[in-house]
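Take a look at the letters that make up each chain.
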Amino acid sequence: MRLASLSARITLLLVVTSLLVLGGGARLMDWRIDHEMESRFQQNLLTQAGALSTMLQMEQDEVPSDWGPRPHPGMLGGDGPTFYELRCDDMPLLRSSPPPPAIPAGWPQEASAKPRFARLQHGRQQLGSVQFAFTSRPVEYTDGQHPDISRGGMKPRKCVLLFEQDRRAIDQLLLATDWTLLLGPALALGIALIAVPLIVRRGLRPVNVLVDRMRDIGPHAPGQRLAASGMRELDPLVARFNDVLGRMDDGLARERQFANGLAHETRTRLAELRALTEVESRYPSGRKLPEILGEVGQIGVELEATVTALLLLTRLQSGLEQPQMQALPLAAWLERQLQRQHGTATDRGIVLRLEGTPPTCLHTDPALLEVVIGNLIGNACAYAPTGDTATVRLTATGLCIDNAAPGLGADDLANFGQRFWRKQPPHAGHAGLGLALADAAAVALDLQLDFRLDAGQRLHAALSWPDRMTRHVPRS
């Protein structure tokens, strides 16, 4: 399959656009020029016919009997031979010599004071015509006297005039204009078909340079970025590509950190098992078998907890673990969660305190909620300094757990939720997956989990739930 070419597409668009613009412009100009020249031709035709009628009227006043010398074609000027036919009441018919080649039937009856223009054809000859009616009146002399009445000069007459002129000159001019307007766009399009692809390819050269620079950037060379091209159209693309590279580097760094953490946790537990069995085999310590098996079992429990947490985290982040929503009496449930952490808190001298009144029921998944709140309370008991008080504050819209965190900095909060990330040296049973699980479970339950450090260096873990989880609790 042949790939589409951006250069060919731009060329096609430019050629089509040029064809529409130039063709439409030429068509409009042709119509405008034809209309203007036709109007001027008709105006010239009417002017000649008016001059002819005036001249004939003057001759009528001078020589009414035989009309004297008749005007001959071309005596009025113009762009082609002229012909006329004049009909007046009580007067003989007057025609040019030669007479008009094409005379419309019944034209004297159709003539009126308003000029009427027409296009006539006689064989191959094209004629423009105008016909109108007028009243012939005597001309008053400068001395106030009039021609002799006995000769008929004072009698007004109703006349009709048909005036024709050969259109060959103007038709040739219009044809030459049409060819000029046709050949101009055609020549421009021919040049465009040759020049536009070359211009487009040259204009797209920075894109090719950008593609060449992209070839050397990838996961094998993290940290590399594209330099700005200095072009307004390409710089946003470069910025977005660099942003994608930054996110890719961050993702790869997290994946490497995750792989290193997983390898470390697994290798550490397996190394402990191997060292324990080899030492006891070669250099028996004299401990009782149940004690040794208990230590082996504890290492297996920690390894199993790590694998179970990873499996749950994977299911949550991939959407395979769907919440099973039900009505949960929150007060009694929280008491059980605090009791589970009571032993750890007592061993480290931590005081667990519950404040506020929780909602009567919460519409949620108890197992996933336990992942969230259980990890938050467990972290407070495991990492708070000895003798601290960890407080769980409840409201109608959520809860907040705070404890002292002297070893944390503001930059460390950005790492919360990363797999296998730990600020302090690892404790038994803590593989650095607790906050990652809590964050993933909170997202699955549509809960909002936020962390902040106050001025007193106390860590606040705020968990909030939407109103619908407390308002729309199904009846059991």
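The structure displayed is predicted, hence computed values, not measured ones. (Residues numbered from 1 in each chain as written. Predicted model: local features only at pLDDT ≥ 70, side-chain atom pairs only at ≥ 80, totals over all residues. Heavy atoms only, no water.)

(A) View of helix H9 (residues 366-383). In this model H9 runs 25 Å from its N-terminal to its C-terminal C-alpha over 18 residues, within 8% of the 26 Å that 1.5 Å per residue would give. For H9, the tally of buried residues reaches 14 of 18 residues, placing the bulk of the element in the interior. A side-chain oxygen of the first residue of H9 lies 3.0 Å from the backbone nitrogen of Ala367; this N-cap is Asp365. (Helix = DSSP H or I, 4+ residues; strand = E, 2+ residues; numbered from the N terminus. Expected span 1.5 Å × (residues − 1). Buried < 20%, exposed > 50% of the residue type's maximum accessible area, 1.4 Å probe, protein only. Polar contact = N/O pair within 3.5 Å; in protein donor to acceptor, adjacent residues only side chain to side chain.)

(B) Highlighting the state of the cysteines. Overall, the coordinates contain 1 disulfide when judged by the stated rule. A disulfide bridge connects Cys88 with Cys159, and the sulfur atoms are separated by 2.0 Å. Its torsion about the S-S bond being 115°, the disulfide of Cys88 and Cys159 is classed as right-handed. One end of the pair, Cys88, is in strand E1 (residues 82-88); the other, Cys159, is in strand E5 (residues 157-166), and 71 residues separate them in sequence. (Disulfide = S-S within 2.5 Å.)

(C) Spotlight on helix H7 (residues 330-340). Among the residues of H7, those classed as buried are Leu330, Trp333, Leu334, Gln337 and Leu338. One side of H7 carries all its buried residues, which in axial view fall inside an arc of 140°. (Arc of directions from axis to C-beta.)

(D) Up close: the packing of H9 against helix H10 (residues 434-444). For the pair H9 and H10, interaxial distance at closest approach is 8 Å and the crossing angle is 145°. Handedness of the crossing formed by H9 with H10: left-handed. Across from Leu368, Val371, Val372, Asn375, Leu376 and Asn379 in H9, the residues of H10 making contact are Gly434, Leu435, Leu437, Ala438, Ala441, Ala442 and Ala444. Here the contact of H9 with H10 is composed, by residue class, of 10 nonpolar, 3 polar and no charged. (Axes fitted to C-alpha atoms, helices over the stretch in contact; angles between N-to-C directions. Left-handed = near helix turned anticlockwise from the far one by under 90°. Contact = heavy atoms within 4.5 Å. Nonpolar A, V, L, I, M, F, W, Y, C, P; charged D, E, K, R; others polar.)

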